[in-house]
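Chain by chain, the residues run as shown.
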Amino acid sequence: MNIFASLIRVKGLESSKVTYYSVVLNEITHDETRSEFYNFLNRMEQYKDHLEDLNKIIIFLEQEIGDKYGAREDFFRPEQFHSDLTALPPNKGKFKTLFIGTQLRLYTLRLNESVVILFNGGVKTAQTAQECTNVREYFLQANKIAGIIDDLLKEQEEIQWNHDFTDITFLPDLKIEF
(Lines give C-alpha, C1' and ligand atoms only; values in the text may rest on other atoms or scores of the structure.)
Protein backbone atom coordinates (compact mmCIF):
# COMPACT_ATOMS: atom_id res chain seq x y z
CA MET A 1 0.00 0.00 0.00
CA ASN A 2 1.28 3.44 -0.90
CA ILE A 3 1.44 6.02 1.84
CA PHE A 4 0.94 9.69 1.10
CA ALA A 5 1.56 12.83 3.09
CA SER A 6 -0.06 16.24 2.80
CA LEU A 7 1.76 19.38 3.89
CA ILE A 8 -0.08 21.64 6.31
CA ARG A 9 0.80 24.83 8.11
CA VAL A 10 0.97 24.50 11.90
CA LYS A 11 -1.24 27.34 13.04
CA GLY A 12 -0.64 26.65 16.72
CA LEU A 13 2.98 27.79 16.37
CA GLU A 14 2.57 31.22 14.84
CA SER A 15 5.79 33.22 15.11
CA SER A 16 7.40 36.30 13.68
CA LYS A 17 10.50 34.69 12.15
CA VAL A 18 9.55 31.12 11.23
CA THR A 19 6.67 29.41 9.47
CA TYR A 20 6.16 25.86 10.71
CA TYR A 21 4.65 23.06 8.66
CA SER A 22 3.93 19.42 9.36
CA VAL A 23 2.53 16.49 7.41
CA VAL A 24 -0.73 14.60 7.69
CA LEU A 25 -0.50 10.96 6.61
CA ASN A 26 -3.14 9.15 4.56
CA GLU A 27 -5.91 11.61 5.35
CA ILE A 28 -8.22 13.61 3.16
CA THR A 29 -8.54 16.24 5.88
CA HIS A 30 -5.97 18.97 6.35
CA ASP A 31 -6.64 19.24 10.06
CA GLU A 32 -3.42 20.21 11.84
CA THR A 33 -4.44 18.23 14.92
CA ARG A 34 -4.06 15.08 12.75
CA SER A 35 -0.50 16.02 11.79
CA GLU A 36 2.61 14.07 12.71
CA PHE A 37 3.74 16.96 14.93
CA TYR A 38 0.52 16.87 16.94
CA ASN A 39 0.76 13.08 17.08
CA PHE A 40 4.21 13.56 18.66
CA LEU A 41 2.88 16.09 21.18
CA ASN A 42 -0.07 13.92 22.17
CA ARG A 43 2.06 10.80 22.66
CA MET A 44 4.81 12.58 24.57
CA GLU A 45 2.35 14.26 26.95
CA GLN A 46 1.65 10.78 28.30
CA TYR A 47 5.29 10.30 29.38
CA LYS A 48 5.34 12.16 32.69
CA ASP A 49 9.13 11.74 32.99
CA HIS A 50 9.62 13.69 29.75
CA LEU A 51 7.07 16.50 30.13
CA GLU A 52 9.70 19.04 31.19
CA ASP A 53 11.82 18.23 28.11
CA LEU A 54 8.75 18.39 25.87
CA ASN A 55 7.89 21.83 27.26
CA LYS A 56 11.48 22.99 26.69
CA ILE A 57 11.28 21.92 23.03
CA ILE A 58 7.95 23.71 22.53
CA ILE A 59 9.22 26.89 24.18
CA PHE A 60 12.41 26.65 22.13
CA LEU A 61 10.34 26.39 18.91
CA GLU A 62 8.06 29.28 19.88
CA GLN A 63 10.41 31.75 21.54
CA GLU A 64 14.04 31.18 20.62
CA ILE A 65 13.61 29.91 17.06
CA GLY A 66 10.22 31.39 16.22
CA ASP A 67 10.42 34.87 17.67
CA LYS A 68 14.08 35.69 18.49
CA TYR A 69 16.60 34.11 16.14
CA GLY A 70 14.94 32.21 13.33
CA ALA A 71 15.76 28.63 12.41
CA ARG A 72 19.54 28.87 12.54
CA GLU A 73 21.39 25.77 11.45
CA ASP A 74 23.19 25.38 14.79
CA PHE A 75 19.84 25.08 16.60
CA PHE A 76 19.22 21.68 14.97
CA ARG A 77 21.07 18.39 15.20
CA PRO A 78 21.87 16.58 11.94
CA GLU A 79 19.89 13.32 11.73
CA GLN A 80 19.99 12.58 8.04
CA PHE A 81 20.00 9.14 6.56
CA HIS A 82 18.85 9.81 2.99
CA SER A 83 17.95 13.50 3.22
CA ASP A 84 18.62 16.79 5.02
CA LEU A 85 16.69 15.65 8.09
CA THR A 86 17.44 17.39 11.37
CA ALA A 87 16.12 17.04 14.89
CA LEU A 88 15.53 18.86 18.11
CA PRO A 89 16.92 19.38 20.65
CA PRO A 90 20.24 20.82 19.47
CA ASN A 91 23.45 18.99 20.31
CA LYS A 92 25.74 22.00 19.91
CA GLY A 93 25.67 25.76 20.23
CA LYS A 94 24.45 28.08 22.94
CA PHE A 95 21.26 26.12 23.72
CA LYS A 96 22.89 22.69 24.05
CA THR A 97 23.11 22.99 27.84
CA LEU A 98 19.36 23.65 28.12
CA PHE A 99 18.72 20.11 26.86
CA ILE A 100 21.43 18.08 28.62
CA GLY A 101 20.12 14.63 29.42
CA THR A 102 16.99 14.76 27.28
CA GLN A 103 16.18 11.66 25.31
CA LEU A 104 13.37 13.25 23.29
CA ARG A 105 13.79 13.64 19.55
CA LEU A 106 11.53 15.69 17.32
CA TYR A 107 12.48 15.14 13.68
CA THR A 108 12.46 18.24 11.51
CA LEU A 109 13.39 19.50 8.08
CA ARG A 110 14.97 22.92 8.33
CA LEU A 111 14.55 24.38 4.85
CA ASN A 112 16.14 27.71 5.77
CA GLU A 113 16.02 30.22 8.64
CA SER A 114 12.35 30.95 7.90
CA VAL A 115 10.75 27.58 7.17
CA VAL A 116 10.78 24.36 9.22
CA ILE A 117 8.77 21.19 8.73
CA LEU A 118 7.98 19.32 11.96
CA PHE A 119 7.59 15.57 11.81
CA ASN A 120 7.23 13.05 14.62
CA GLY A 121 9.66 11.54 17.10
CA GLY A 122 9.85 9.97 20.49
CA VAL A 123 12.08 8.95 23.37
CA LYS A 124 15.40 7.78 21.95
CA THR A 125 16.86 4.97 24.06
CA ALA A 126 19.61 3.59 21.80
CA GLN A 127 22.86 4.99 20.41
CA THR A 128 21.36 5.59 16.96
CA ALA A 129 17.84 6.23 15.74
CA GLN A 130 18.01 3.15 13.51
CA GLU A 131 18.68 0.95 16.58
CA CYS A 132 15.93 2.49 18.73
CA THR A 133 12.55 0.79 18.57
CA ASN A 134 10.90 3.97 19.91
CA VAL A 135 12.04 6.35 17.16
CA ARG A 136 13.21 4.21 14.21
CA GLU A 137 9.82 4.30 12.45
CA TYR A 138 9.54 8.10 12.77
CA PHE A 139 13.18 8.64 11.83
CA LEU A 140 12.94 6.55 8.64
CA GLN A 141 9.56 8.01 7.67
CA ALA A 142 10.75 11.59 8.18
CA ASN A 143 13.90 10.91 6.15
CA LYS A 144 11.84 9.61 3.22
CA ILE A 145 9.42 12.52 3.25
CA ALA A 146 12.21 15.08 3.76
CA GLY A 147 14.08 13.70 0.75
CA ILE A 148 10.97 13.98 -1.43
CA ILE A 149 10.30 17.54 -0.23
CA ASP A 150 13.92 18.47 -1.03
CA ASP A 151 13.49 17.07 -4.55
CA LEU A 152 10.14 18.83 -5.06
CA LEU A 153 11.69 22.16 -4.03
CA LYS A 154 14.49 21.67 -6.56
CA GLU A 155 11.93 20.99 -9.31
CA GLN A 156 10.01 24.16 -8.32
CA GLU A 157 6.71 22.79 -9.64
CA GLU A 158 4.62 21.35 -6.81
CA ILE A 159 6.44 23.18 -4.00
CA GLN A 160 7.98 26.59 -4.60
CA TRP A 161 9.70 29.32 -2.63
CA ASN A 162 8.01 32.68 -2.39
CA HIS A 163 9.84 35.69 -3.88
CA ASP A 164 12.03 36.38 -0.80
CA PHE A 165 12.50 32.77 0.38
CA THR A 166 10.66 33.35 3.64
CA ASP A 167 7.91 30.82 2.95
CA ILE A 168 6.86 28.08 0.57
CA THR A 169 3.78 27.67 -1.56
CA PHE A 170 2.30 24.40 -2.71
CA LEU A 171 -0.81 23.04 -4.32
CA PRO A 172 -3.57 22.54 -1.74
CA ASP A 173 -4.12 18.98 -2.97
CA LEU A 174 -0.40 18.09 -2.99
CA LYS A 175 0.14 14.45 -2.06
CA ILE A 176 3.68 13.31 -1.29
CA GLU A 177 3.75 9.62 -2.05
CA PHE A 178 6.39 7.45 -0.42
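Please read these numbers as outputs of a predicted model, since none were measured by experiment.

Considering the pairing of strand β1 (residues 4-9)
Okay, so step 1: Bridging between β1 and strand β9 (residues 176-177) involves two bridges; their strand directions are antiparallel. For phenylalanine 4, the partnering residue across the bridge sits in β9 and is glutamate 177.
Okay, so step 2: By the bridge criterion, five bridges tie β1 to strand β2 (residues 19-25) in an arrangement that is antiparallel. Bridge pairing links leucine 7 to valine 23 in β2.

A look at the packing of aromatic side chains
Any aromatic ring pair is given by two values, namely how distant the centres are and how the planes are angled relative to each other.
Okay, so step 1: A full pass over the atoms with the stated rule returns ten aromatic pairs.
Okay, so step 2: Centroid distance tyrosine 69 to phenylalanine 75: 5.7 Å. Interplanar angle 80 degrees. Geometry classified as edge-to-face.
Okay, so step 3: In this structure tyrosine 69 comes out as partly exposed when scored by relative accessible area, which is 28%.
Okay, so step 4: In textbook terms, an aromatic cluster arises when at least three aromatic residues are bridged by ring pairs, as seen for Phe60, Tyr69, Phe75, Phe95 and Phe99.

Observations regarding the pairing of β2
Okay, so step 1: With respect to burial, β2 is a largely interior element, seven of its seven residues being buried.
Okay, so step 2: What you see with β2 is no split at all: Thr19, Tyr21, Val23 and Leu25 on one side and Tyr20, Ser22 and Val24 on the other are buried throughout.

Some details on helix α1 (residues 36-44)
Okay, so step 1: The set of residues buried in α1 consists of Glu36, Phe37, Tyr38, Phe40, Leu41 and Met44.
Okay, so step 2: On its buried side, α1 packs onto β2, α2 (51-69), β5 (104-110), β6 (115-123) and α3 (136-155).

A look at empty space enclosed by the protein
Okay, so step 1: As enumerated under the stated definition, the model contains one cavity of 30 Å³ or more in all.
Okay, so step 2: What the largest cavity holds in volume is close to 30 Å³.
Okay, so step 3: Forming the walls of the largest cavity are Val23, Glu36, Phe119, Asn120, Tyr138, Gln141, Ala142 and Ile145.
Okay, so step 4: Elements represented by at least two residues in the lining of the largest cavity include exactly β6 and α3.
Okay, so step 5: Element by element, the count of residues in the lining of the largest cavity is highest for α3, at four residues.

Overview of the layout of surface pockets
Think of a ball as big as a water molecule: rolled over the atoms, this probe shows where empty space is left.
Okay, so step 1: What the largest pocket holds in volume is close to 270 Å³.
Okay, so step 2: Lining the largest pocket are 15 residues, and of these Glu73, Asp84, Thr86, Leu109 and Arg110 lie nearest its centre.
Okay, so step 3: Within the residue set of the lining of the largest pocket, elements represented by two or more residues are β3 (77-78), β5 and α3.
Okay, so step 4: When the residues that make up the lining of the largest pocket are grouped by side-chain class, the tally is seven nonpolar, two polar and six charged.

Thoughts on the pattern of salt bridges
Okay, so step 1: Inspection of the entire model under this criterion finds four salt bridges.
Okay, so step 2: We note a salt bridge from glutamate 52 to lysine 56, for which the minimum N-O separation is 3.7 Å. In this pair, glutamate 52 and lysine 56 both sit in helix α2, four residues apart, roughly one turn of the helix.
Okay, so step 3: Of the charged contacts in the structure, one is a salt bridge between aspartate 74 and arginine 72, with a shortest N-O distance of 3.1 Å.

Cut-offs used in this document
- Residue numbers run consecutively from 1 along every chain, following the written order of its sequence.
- In keeping with the model being predicted, local features are shown solely for residues with a pLDDT of at least 70 and side-chain atom pairs are shown and tallied solely at 80 or more, while totals for entire chains, interfaces and linings include all residues.
- Hydrogens and water molecules were not included; the side-chain quantities draw on all heavy atoms of the structure.
- In this scheme, strands are said to pair when DSSP sees at least two bridges between them.
- Strands are runs of DSSP state E lasting at least 2 residues, helices are runs of H or I lasting at least 4, and numbering of each runs from the N terminus.
- Working definition: rings of Phe, Tyr and Trp (its six-membered ring) pair if their centres are within 6.5 Å, and the pair is stacked with planes under 30 degrees apart, edge-to-face with planes over 60 apart, and tilted otherwise.
- The classification of residues rests on relative accessible area computed with a 1.4 Å probe and restricted to protein chains. Under 20% of the type maximum is buried, over 50% is exposed, and intermediate values are partly exposed.
- Residue contacts are counted whenever heavy atoms from the two residues lie within 4.5 Å of one another.
- Cavity means a closed set of points on a 1 Å grid over the protein atoms alone, one where a 1.4 Å probe fits but cannot get out, pocket means an open set with protein on both sides within 12 Å along at least 5 of 7 lines, and lining means a residue has an atom within 4 Å of a point.
- Grid points are joined across faces, edges and corners, and a volume is the space filled by probe spheres set on the points.
- Residues are sorted three ways: Asp, Glu, Lys and Arg are charged, Ala, Val, Leu, Ile, Met, Phe, Trp, Tyr, Cys and Pro are nonpolar, and all the rest, Gly among them, are polar.
- The term salt bridge refers to a pairing of a side-chain nitrogen on Lys or Arg with a carboxyl oxygen on Asp or Glu at a separation within 4 Å.

The analysis is restricted to geometry; functional conclusions fall outside its scope.
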